[in-house]
Amino acid sequence: MYGMTSAISDALPTDIDIQLTKSLDDALSREKVITTDEDLSQRLEVLSMLNNLAKEWIREVSMERNLPEITAENVGGLVCTFGSYRLGVYHKGADIDAIVIVPRHITRTDYFATFYNKLKENPSINNVRAVEEAFVPVIKMIIQGIEIDMLFARLALKEVHEDTDLQQDDLLRNLNPKCVRSLNGCRVTDSILRLVPNRESFKKTLIAIKLWAKRHRVYSNALGYLGGVSWAMLVARVCQLYPNAAPATLIHKFFLIFSKWQWPQPVLLKPSYFMDLGYPVWDPRVNMADRNHVMPIITPVYPQQNSTFNVSHSTLAIIQDEFKTSLDIMGEILTGESSWSKIFQPSKFFTKYRYFLAITVFANCDEELLEWRGLVESRLRFLPTSLEEIECVQRSHLNPDQFVLPYDKSQGRPSSVWFVGLEISKSNGTVVNLDFSTHIRDFCLLVKSRAHTIFKAGMDIQVNHLKRKDLRDYVPDELKKEKAIPNTVGSKIIARLSTEGRHSVSELVEESQKSPTSRKRGIEDETDDNIIKKNLLSNDDIFVLGSVESHRSPSSENKSNNLVNTLLSTAKENHSLLTENETKENINIGKESLLLTDARHSTIESGDSLNSPVSNKCCADDESEESDQKKIRLLHPTVA
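Now for a description of the structure that goes with this document. From a predicted model like this one, the values you see are computed outputs, not experimental measurements.

1. A few points about the packing of aromatic side chains
Okay, step 1: Counting across every chain of the model gives 32 aromatic pairs.
Okay, step 2: Measuring from centroid to centroid gives 4.9 Å for W212 and F255, while their planes differ by 65°, and the two rings are edge-to-face. Of the two residues, W212 sits in helix α7 (residues 199-215) while F255 sits in helix α9 (residues 247-258), which places them 43 residues apart along the sequence.
Okay, step 3: For W212, a relative accessible area of 1% corresponds to the buried category.
Okay, step 4: Taking relative accessible area as the criterion, F255 reaches 1% and is therefore assigned buried.

What follows is the structure, encoded as structure tokens:
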């Protein structure tokens, strides 16, 4: 048995599953996320160079500590990889996570001083920067176009040999907590690989899920979504529940299970165990802070930690929406209605919301921008959470993608910009007063308070309110791409019915019932729901497998009727949204353009309407917004 419970199904792949997996392979090849021999050779060369540099540095520091030359030659030291490279799910352009493991006479101060300088002096290494005050301190660099994140860990050993088993918990005894956190990157990655029944199926499934997460804009640990290790643990749990399934089936089961998972019940890959080494572990029964985690995914090695502590209620809701939408798309793929390319289409963001915040950072040069941007990014997740405290803001959606400000907007200065989409509740004809000034000012001051160590003249942060039509000056290409993306769920069925002139429900029911694959998948999903519910176990009152709601399914005919009614009602609803005329209303919105070095006052009036039919047209021309006669007040308050 793998994991916390017995498997849901030990069934072997069918011919259809194998065929779907082959088509998945083709889709992933087209997306260029499959590792090539050339890329592997380049990465091995880069890691070999880093390993030689690290061992040379360890020898030099050992000599400075007055160790005999023969001892300095034999103290050893390791450069280990973890993350996507260690899991085998990297692709061209992906970064490498690595760690330098040293014996006890080498200190962290040495690492961020002499080793940092050694890297800076090497002509083959670019953009070397140290983030010493981070929760997990790191040195970042670029070698041959590959980004490297290198951590540091000091073991309480005289010598560190190549065959040191990092899975031994006793190695953590008497270590600095920062070293423990750094070491756990390797320990968690290796443990995941040991806990999955079929590594090849796991890797292929994880490659697809990571690509999906990036395209659907839910991939970023720093910004409150899920990072690589969290996605890996979710995929590993599904592999444990379906040990013999093909990757195509695992992807379907992934969306099926986690679209119904009852968070905050945690996901665990193995039973928790205790070691009396004094390090804090995730346990909501003991730690009050752990009870506030909304999407716990627990690492499988001691000290067990929640890898998703940055996830908020807002980002969890966004992730769950993407799970549910993608489960519907998987239904189309399994029935042959759509291809794999549909699930890898980017999610709509810029055409989904009507109002936005643009958070822009400036610097004097690219190297300074890297540091400044990294600091702002580490604090950025607090802004959407703060904005949702405003009563009229239903959702504040942070897009994790970074964009470059157009030249005319940045005036040639290096810049990066993030966008937050705002969903505003309807006001039933009353005036809506939106004042973001306090929340944005607090965010800017929070960033400024953390920037004292790296702040330089020319580093600015600016927050602006935008309407959808303003995005043409910021991300014109993104707008065009999104407008070219069709509706996601059931679009082909509805389009085909309209083309063939068949609109009656009975005709569609009759046609849908002809698909044995559809009926088979429906029955399988119901069975999975019931089995998952039966597999619920508890470990000292902590649930280890989320209870998935069990829905009693009607007959195949009723199920088809429900599907058809849903699709047709969705089509009618969309049509009505494109044609209805809603009551106009006045909205007062506070706008800020906040610079840490400068504050300005101005008043701008512009026409727009929150409830205009245009706001519901994802692919509508923004030109029609200008004909709206609503007045929106945009204010620029002073930064304290």
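2. Some points on the pairing of strand β7 (residues 393-403)
Okay, step 1: With respect to burial, β7 is a largely interior element, 8 of its 11 residues being buried.
Okay, step 2: Two strands pair when backbone bridges link them, and β7 and strand β8 (residues 415-424) are joined in this way by 7 bridges, in the antiparallel orientation. Within β8, the residue paired with V393 across the bridge is I424.

3. Re the sheet that holds β8
Okay, step 1: Strand order in the open sheet formed by 4 strands is β7-β8-β6-β10, with antiparallel pairing between adjacent strands. Edge strands, defined here as strands with exactly one partner in the open sheet, are β7 and β10 (460-467). Between one strand axis and the next, the sheet turns by 20° as a mean value, whatever way the strands run.
Okay, step 2: Of the pairings in the sheet, the one linking strand β6 (residues 355-362) to β8 comprises 8 bridges and is antiparallel in character. Following the sheet pairing, V361 is matched in β8 by S416.
Okay, step 3: Across the sheet, helix α15 (residues 437-450) is in contact with β6 and β10; its angle to β10 comes to roughly 155°.

4. Brief notes about the packing of helix α2 (residues 37-64) against helix α5 (residues 108-121)
Okay, step 1: It is the contact of α2 with α5, at a shortest axis distance of 11 Å, that shows an interaxial angle of 125°. Taken together, the axes of α2 and α5 are oblique relative to one another. You can see that α2 and α5 cross each other, and the crossing is right-handed. Taken together, the residues of α5 that come into contact with α2 (itself represented by L50, L53, A54, E56, W57, E60 and V61) are D110, Y111, T114, F115, K118 and L119.
Okay, step 2: Across the contact of α2 with α5, the residue classes tally to 8 nonpolar, 1 polar and 4 charged.

5. Quick look at the side chain of S230
Okay, step 1: Checked against the element boundaries, S230 lands in helix α8 (residues 228-241).
Okay, step 2: Not counting residues up to four positions away in its chain, the partners in contact with S230 are I297, S307 and T308.

6. Quick notes on the nonpolar core
Okay, step 1: Ranked by size, the top nonpolar core spans 96 residues in total, and within it F202 and W231 carry the most contacts.
Okay, step 2: With near-sequence residues (within four places) excluded, W231 lies in contact with L206, I209, W212, A213, V218, Y219, L226, F254 and F323.
Okay, step 3: In terms of nonpolar packing, the next biggest core, distinct from the first, is built from 32 residues, L119, I139, M141 and M150 among them.

7. A few points about the pattern of salt bridges
Okay, step 1: Summed over all chains, the structure comprises 21 salt bridges.
Okay, step 2: Note that K55 and E162 form a salt bridge whose closest N and O atoms lie 2.6 Å from each other. Taken together, the residues K55 in helix α2 and E162 in the loop between β5 (146-154) and α6 (177-195) connect sequence positions 107 residues apart.
Okay, step 3: Judged by its relative accessible area of 28%, K55 is partly exposed.
Okay, step 4: Owing to a relative accessible area of 55%, E162 belongs among the exposed residues under this scheme.
Okay, step 5: Between E56 and K118 there is a salt bridge, with the nearest N and O atoms lying 2.9 Å from each other. A residue pair is termed long-range when its members are at least 10 positions apart, and E56 in helix α2 and K118 in helix α5 qualify at 62 residues.

8. Details of helix α1 (residues 15-30)
Okay, step 1: Between its terminal C-alpha atoms α1 stretches 23 Å, which fits the 22 Å expected from 16 residues at 1.5 Å a residue.
Okay, step 2: For α1, the set of buried residues is D17, L20, T21, L24, A27 and L28. Buried residues along α1 cover an arc of 115° about the axis, so they all sit on one side. Exposed residues pointing more than 90 degrees away from the buried face of α1 are listed as D15, Q19, K22 and R30.
Okay, step 3: Of the residues flanking the end of α1, it is K32, one or two places downstream, whose phi is positive at about 60°.

Calculation criteria
Within each chain, residues carry numbers counting from 1 in the order of the written sequence. Restriction of local features to residues with pLDDT of at least 70 applies here, the model being predicted, together with a cutoff of 80 or more for giving and counting side-chain atom pairs; totals for whole chains, interfaces and linings are based on all residues. Hydrogens are left out, water is left out, and the side-chain values use all remaining heavy atoms of the structure. Only centres within 6.5 Å qualify two rings of Phe, Tyr or Trp (six-membered ring in Trp) as a pair; their planes then separate them into stacked at under 30 degrees, edge-to-face at over 60, and tilted for everything else. Only DSSP runs of H or I with at least four residues qualify as helices, and only runs of E with at least two residues qualify as strands; both kinds are numbered from the N terminus onward. Burial here depends on accessible area, computed with a 1.4 Å probe over protein chains only, as a share of the maximum for the residue type. Under 20% is buried, over 50% is exposed, and the range in between is partly exposed. A pair of strands is considered paired only if DSSP assigns at least 2 bridges between the two. Geometry is summarised by axes, namely lines fitted to C-alpha atoms with helices restricted to the contacting stretch, and by angles between N-to-C directions that run from 0 to 180 degrees. The criterion used for residue contact is that any of the two residues' heavy atoms lie within 4.5 Å. Here the angle decides the label: under 35 degrees means roughly parallel, over 145 means roughly antiparallel, 65 to 115 means roughly perpendicular, and every other value means oblique. Crossing handedness is defined as follows: a turn of the near helix away from the far one that is anticlockwise and smaller than a right angle gives a left-handed crossing, while the clockwise case is right-handed. Put simply, Ala, Val, Leu, Ile, Met, Phe, Trp, Tyr, Cys and Pro go in the nonpolar bin, Asp, Glu, Lys and Arg in the charged bin, and everything else, Gly too, in the polar bin. As used in this record, nonpolar core signifies buried Ala, Val, Leu, Ile, Met, Phe, Trp, Tyr and Cys residues forming a set joined through side-chain atoms within 4.5 Å. Note on definitions: salt bridges are taken to be side-chain nitrogens of Lys or Arg within 4 Å of carboxyl oxygens of Asp or Glu. Here the expected span of a helix is defined as 1.5 Å times the quantity of residues minus one. Note: the arc covers the axis-to-C-beta directions of the helix.

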